[in-house]
Amino acid sequence: MTTPDPERTSHPPLEAPDTFQVNLTVNGTARTVDVDPRTTLLTLLRERFDLTGTKAGCHQGTCGACTVHVDGRRALSCLILTVSADDAEIRTIEDLAEPDGTLHPMQRAFVEFDALQCGFCTPGQIMSAEACVREGNAESDDDVREYMSGNLCRCSAYPNIVRAVRSVAESR
Amino acid sequence: MRPFTYARVSSLNEAARESSRPGAMVLAGGTTLVDLMRGNVLAPDHLVDIRRLPGLDGVEETGTWLRIGALSRMADVATDERVRARYPAIAESLRLAASQQVRNMATIGGNLLQRTRCPYYRDGDSPCNKREPGTGCSALAGPDRDSAVLGGSESCVAVYPGDLGVSLVAFEASVELLSAGGPKTLPFAELHRDVADEPERETTLSPGDIVTAVTIPNSALVRGSAYVKVADRARYAFAIASAAAGLTIEDGVVTAARVGLGGVATRPWRSHEAEAELVGRPLTADTAKAAGRAAFAAARAGRDNAVKITLGPRVVEQACLRAGQGGERA
Amino acid sequence: MTKILGTPVVRTDAVAKVTGQAAYVADHTPAGTLHAALATGTISRGRITAIDAGGAERLPGVRLVLTHRNLGDAVKEGQFLTPVLGGQFQTSFNPLGSDEIRYSGQIVALAVADTPEIAEEAARLIRVEYEEVPAVIALADLAPDAPGRIDLHGLQTGDTATALAESHVVVDREYATSVNHHNPIEPFHAAALWQDGRLEIRVPSQWVTGERFALAGALGVTEEDVRVVSPYVGGGFGSKGATLWHTVLTAEAARRLDAPVKLSITRRQMFTIASFRPESRHWVRLAATSDGRFTAYEHEVLTQTSRSDVLALPGTDNTARLYAFPNIHTRESTIGVDVNTPGFMRGPLEYPELFALESAVDELAMVLDVDPMELRLRNEPAKEPVEGLRYSSRSLQECYRRGAELFGWHRRRARPGSMRDSDGTLIGWGCASASYPVFEGGVCDSRITVGSDGRALVEVASQDIGTGTYTLLAQIAAETSGLALADVRVALGDSDLPRGLATAASSTTGTVGAAVHENARSVREQLLAAAAVRFGRPRAVEDLTISDGVVRAGDGLRITVAELVADLPRGVLAVEIRHTPPRLPAEMAQTTLRDGTFNITGPARPDHVAFSYGANFAEVRVDPVTRQVRMGRMVGVFAVGRVLNPRIAHGLLAGGMIWGAGHALMEKTVMDRDRARFVNTDLAGYHIAANADISDVIVETVDEHDDLVNVLGAKGGVGEMGIVAMPAAIANAVFHATGVRVRRLPILVDDLLIG
């Protein structure tokens, strides 16, 4: 038995991948970058821009740790090819607190309600939660449970996450 | 991920030209394609990014139909007031799919063409006729709890995993396409092929065809419709079995019925058998049960997926009863 | 004195975590870093007959492909981790040590390239040919007494055979649990860098000291030449305790390339390159008199291990001491199958055995027509039944009383299927007892340095895997030394720090905490002595108090710690101690120090046993048509000795209870028995509970004072107590809702639709 032939498709020979120039706004700053078309937005943020607050948990769209805002909406940066995000406005966890360090209300709520343990899914949870409240999907505990289900927390801080998100939704 | 060339297109003509190149695949929301490329399941030579095509997103409604642009995001359609009010099974099948992040990214067109979640297709190395024609089907011999009980063949039993497609097939949606010969319209029920002996060919689309919109007739059937989904996890999971149902009832008797099945079949599955069982009878727990039984009368279980045949009828039963109450929220 | 211990202090690392500033292993990328990816094999047993890395090596940007062909003898052997004086490795089998394949998904190559994309592509291009032989993965494919079965452990008290024969009722049942994978959200990684012959490696680790010994041995360098850094760990649950071979391979690649190398591992690979919770089968016989007094407990256990190593998970030490069993007979054994070596996963010894026993107790209660909680209360032991020792403390009854009150247990109707919601939803209520042994770790060092600014740094090579170690140690150091909490900083996760212990067996607070306590007490004494000198009354130390960083005398004199330290010869007070747990055998202490072996002791001690206890209650809601089970309320009341930080402890306990819900209702790694491999190897196929799966979770701890366990009176178990009994409570609740008894976890809708 052998492994499958990696060249099984019968199409033209490989060419070295072109790089593409991409313009993005990341946390309010315009950036221009040449990327391999295979580079995901997640890899770009982490490995090229050193914005490592956004975490890689699965690279398959199955955990939510890489959640960022793309044009104001929560999205999974692991499933976005950077080339296709040309002209997009990206916001990451690094941009949530004020420049003077004052925490965003959602960050404060996560601290106050201990809505985290290991902290690895936390940036994704918070970016997701901030959007969840803006979407109007945090009007009840059950709403929050449903609309925060795209962010897995293996430590299972879910009850405290629900409390944190609800407290922010209610104070709006 | 295998290297590929990339083109972003800004017109439909350009899209058609680029996507008919050998080895080309269309990139829209990317939630299926990027995942499968990363997992070495799909290896396009050329990627055609159609996200910026103008005029392909948004919902339109007339008195007779609802039209959803192919680049509309699942999340936007799920929360559209018109869809929620008059096409509840469509809205519910979107709401109960994936997660809000995925729904924010995934397009309607891409969602219809979502690939199976069969683990052998996805693992990138097991024999799989769908991924590598002629290598065999690992699911037929292996643990097959996720495999289809309807529509399977000796070559493939992979389940069509989508939710929206279940509602679309039930409510007789149409798909608008741009193809080499120009625009054309196809009944949604004809978009996916039966597995037969070519599981690698999932749809009737030709290379270069691009889905541009889906239209759903406005009818009393869909207005009170319901979508029921059962999965191992409450959210962010694929269905073990799901069902979309819509009924019209006059003088206490069902006059017309539509039933679609999900999570159990190789393609979006319309159950005319269940519909026939309902029409002409009052909607009761017994007739709903009978409809469920009829829907699965021809189902065949493998080793581990008898659950789909025991659960499926109950899901149909519940969908019918909810549709009878006007599509009560899950 | 300011009260710091026992108060719900906010995690000291919370702000770093909510801002994304907490730097996990993969967040650190030195300039010039090369990226690595793994290629894993596709057969389950056999040999590699040919391996062609040419396609990968020719790819522009590829720097190195390591395979068994070119690894050579650069990498030495590694010893398997066992809980008593074993090595540090997850398995003794080096996947690139030879052409042998022992399990599906075994590492066959590591590719290093300039970018992550090229490295992944290179790994994909490696062609491997195999000679395959038949393989076995599932216990179901082996007879219970198949050749190769290894007896691990057993307990024998009294005469169960006679007692069973004479008992009024006997429950004789088989139970089973499935393979589970830890699936921390942070994947495994390794990032290695050699400088001047010294390795600095970042790896998410529950045991930096062990990793250091493991890497030094395998790479042929001294321990001093290895530094393991792991400041934050994105969840471990047991998976990051032992050294994984890819860590060694990454270090070796970095050594050959003389460049920093960072390895990323895919979620799919995580299912095969590391450990997992083995499946288990249980045969339980539980007997009682007609008035519900237990007369005999027999429990036979069989678990998977690999063909490389013998994993022992002796869980009946725990269950046999839960109730007043006059006659006990247990036998625990394992058998090697074609898998990577399984290991420790949250509640490893406790959850499977408690699921079996606590299900059997529920079945017995049904037969006896006794309330299942009442049956448990009726069998409260005066002394532990195995050796007749006393319990250091035991508050199970109190946990049940309080839990029943919180849950409303008295409203339960006994007959299965008799409770329904207004919409017809079937309601089921179940309970189960949680029991977790108090383990003690080995020798632990600690250093506290107080500067002339009055601020202290506590250093110990322990780890915080989300369990609050940074915060708890700061609390212990501050309260014990008399400094303000805000003036204490804790450094962890670095093997260059004073030698610490594995974050394992929920023993960190009791053992590392005891070391820091001893260290802080010494700091306090030295500060008071210095103050006494300053006050000019050197014999009046006992008149002095210290809190919030200020020393005060009875007559109103005061001086700050900052002032005191500034006056010391070097303007700094540094105290380092070595804490040896009082009951640790001297020989074990020596071996541990010399060889870096893992050891824990407990729960049986010379004159007592020590366990934490808890009462768990679960409500399930079952759809009458589809039979889909949804969690209702979960209540857990626990007795864990002194609770040092209720905010953190309650979160950990709730998290464990949610794990219990996941194990009861969805978590299962599916095995392809014909091909001997795991099937659902991603987070879409392996379901861990999502937010929507969980409803209200209510956690309380009871006041409990235990002077025997350790100096802090903290029994521990907090990290694992939550999961151990909740699966049984939920299975019992499912029975109560539906009348269907499911004896294999997880309970899926499949189980409730049969018949």
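Treat the numbers as computed from the prediction; the structure is a model and nothing was measured.

All names here are of chain A. One open sheet holds the 5 strands; their spatial order is S2-S1-S5-S3-S4, and the pairing between them is mixed. Strands at the two margins of the open sheet, each flanked by one partner only, are strand S2 (29-35) and strand S4 (73-76). Along the sheet, successive strands turn relative to each other by an average axial angle of 40°, direction set aside. Of the strand pairs in this sheet, strand S3 (residues 67-70) and S4 are connected by 4 bridges, and their pairing is antiparallel. Bridge assignment links threonine 67 to a residue of S4, and that residue is leucine 76.

This part takes up the packing of helix H6 (residues 208-219) of chain C against helix H7 (residues 245-257) of chain C. Residue and element names in this part refer to chain C. One way to put it is that H6 packs onto H7 with a least axis distance of 10 Å and a crossing angle of 55°. The orientation of H6 relative to H7 falls into the category oblique. Considering how the two elements wind past one another, H6 and H7 form a crossing that is right-handed. Mapping the contact onto sequence places Glu211, Leu215, Ala218 and Leu219 in H6 and Thr247, Val248, Ala251, Glu252 and Arg255 in H7. Among the residues forming the contact of H6 with H7, the class breakdown is 5 nonpolar, 1 polar and 3 charged.

As a further point, take the environment of C:Arg570. Inspection of the secondary structure assignment puts C:Arg570 in the loop between helix H15 (561-566) and strand S24 (573-579). Once the C-alpha coordinates of C:Arg570 and C:Gly217 are considered, the two residues, 353 residues apart in sequence, prove to be 38 Å apart.

Between chain A and chain C, the contact holds 55 residues from the first and 67 residues from the second. Together chain A and chain C conceal approximately 4,800 Å² of surface at their shared face, both sides included; 56% is due to carbon and sulfur atoms. Run the count over chain A and chain C and you get 6 salt bridges. The salt bridge involving C:Lys262 is made with A:Glu47; its shortest N-O contact spans 3.1 Å. Where chain A touches chain C, the interface holds 26 residue pairs in polar contact (both at pLDDT 80 or more). The set of elements that each furnish at least two residues to the side of chain A that touches chain C consists of helix H1 (41-48), helix H2 (105-112), helix H3 (122-135), helix H4 (141-147) and helix H5 (158-170) of chain A. At 5 residues, the largest contribution of residues to the side of chain A that touches chain C is made by H5(A). Of the residues contributing to the side of chain A that touches chain C, the split by class is 24 nonpolar, 16 polar and 15 charged.

A separate point is the domain arrangement of chain C. All names here are of chain C. Partitioning chain C into domains gives domain 1 (32-134 + 185-235 + 240-270), domain 2 (280-438 + 605-754) and domain 3 (440-595). For domain 1 and domain 3, the distance between their C-alpha centroids amounts to 38 Å. Residue-level contacts link 20 residues of domain 1 with 21 residues of domain 3. At the surface where domain 1 touches domain 3, the tally comes to 4 salt bridges. With a shortest N-O distance of 2.8 Å, aspartate 496 and arginine 198 are connected by a salt bridge. Linking domain 1 with domain 3 are 12 residue pairs in polar contact (both at pLDDT 80 or more), by the criterion used here. Taken together, the elements giving at least two residues each to the side of domain 1 that touches domain 3 come down to H6 and strand S11 (226-229). Of the residues assigned to the side of domain 1 that touches domain 3, the class counts are 11 nonpolar, 6 polar and 3 charged.

Right, let's talk about the environment of A:Met127 for a bit. As for its placement among the helices and strands, A:Met127 is situated in helix H3. Residues A:Met127 and A:Thr19, spaced 108 residues apart in sequence, show a C-alpha to C-alpha distance of 30 Å.

Attention now moves to the sheet that holds strand S10 (residues 241-250) of chain B. Residue and element names in this part refer to chain B. Sheet architecture is open: 4 strands sit in the order S9-S10-S11-S12, paired in antiparallel fashion. Bordering the open sheet on either side are strand S9 (226-230) and strand S12 (269-270), each of which pairs with just one other strand. Sheet topology note: the S9/S10 ladder contains 5 bridges and is antiparallel. In the sheet register, alanine 226 faces S10, and the bridge partner there is alanine 245. The strands touched by helix H14 (residues 306-324) are S9, S10 and strand S11 (253-262); relative to S10, the strand with the most contacts, the crossing angle is about 35°.

Moving on: the pairing of strand S18 (residues 444-450) of chain C. All names here are of chain C. Taking burial as the measure, the 7 residues of S18 include 5 buried ones, the bulk of the element. Looking at chain direction, S18 and S24 are connected through 7 bridges and run antiparallel. Residue pairing across strands places isoleucine 448 opposite valine 575, the latter belonging to S24. Bridge count between S18 and strand S19 (residues 456-459): 4 bridges; the pairing is antiparallel. Its bridge partner being in S19, isoleucine 448 is matched across the sheet by valine 458. Counted along the chain from S18 to the antiparallel partner S19, the turn is 5 residues long, and its residue glycine 454 has a positive phi close to 80°.

Thresholds applied
Residues numbered from 1 in each chain as written. Chains lettered and ligands numbered in written order. Predicted model: local features only at pLDDT ≥ 70, side-chain atom pairs only at ≥ 80, totals over all residues. Heavy atoms only, no water. Pairing = 2+ DSSP bridges. Helix = DSSP H or I, 4+ residues; strand = E, 2+ residues; numbered from the N terminus. Axes fitted to C-alpha atoms, helices over the stretch in contact; angles between N-to-C directions. Parallel < 35°, antiparallel > 145°, perpendicular 65-115°, else oblique. Left-handed = near helix turned anticlockwise from the far one by under 90°. Contact = heavy atoms within 4.5 Å. Nonpolar A, V, L, I, M, F, W, Y, C, P; charged D, E, K, R; others polar. Buried area = accessible area lost by both parts, 1.4 Å probe. Salt bridge = Lys/Arg side-chain N within 4 Å of Asp/Glu carboxyl O. Polar contact = N/O pair within 3.5 Å; in protein donor to acceptor, adjacent residues only side chain to side chain. Domains from an automatic or database assignment. Buried < 20%, exposed > 50% of the residue type's maximum accessible area, 1.4 Å probe, protein only.

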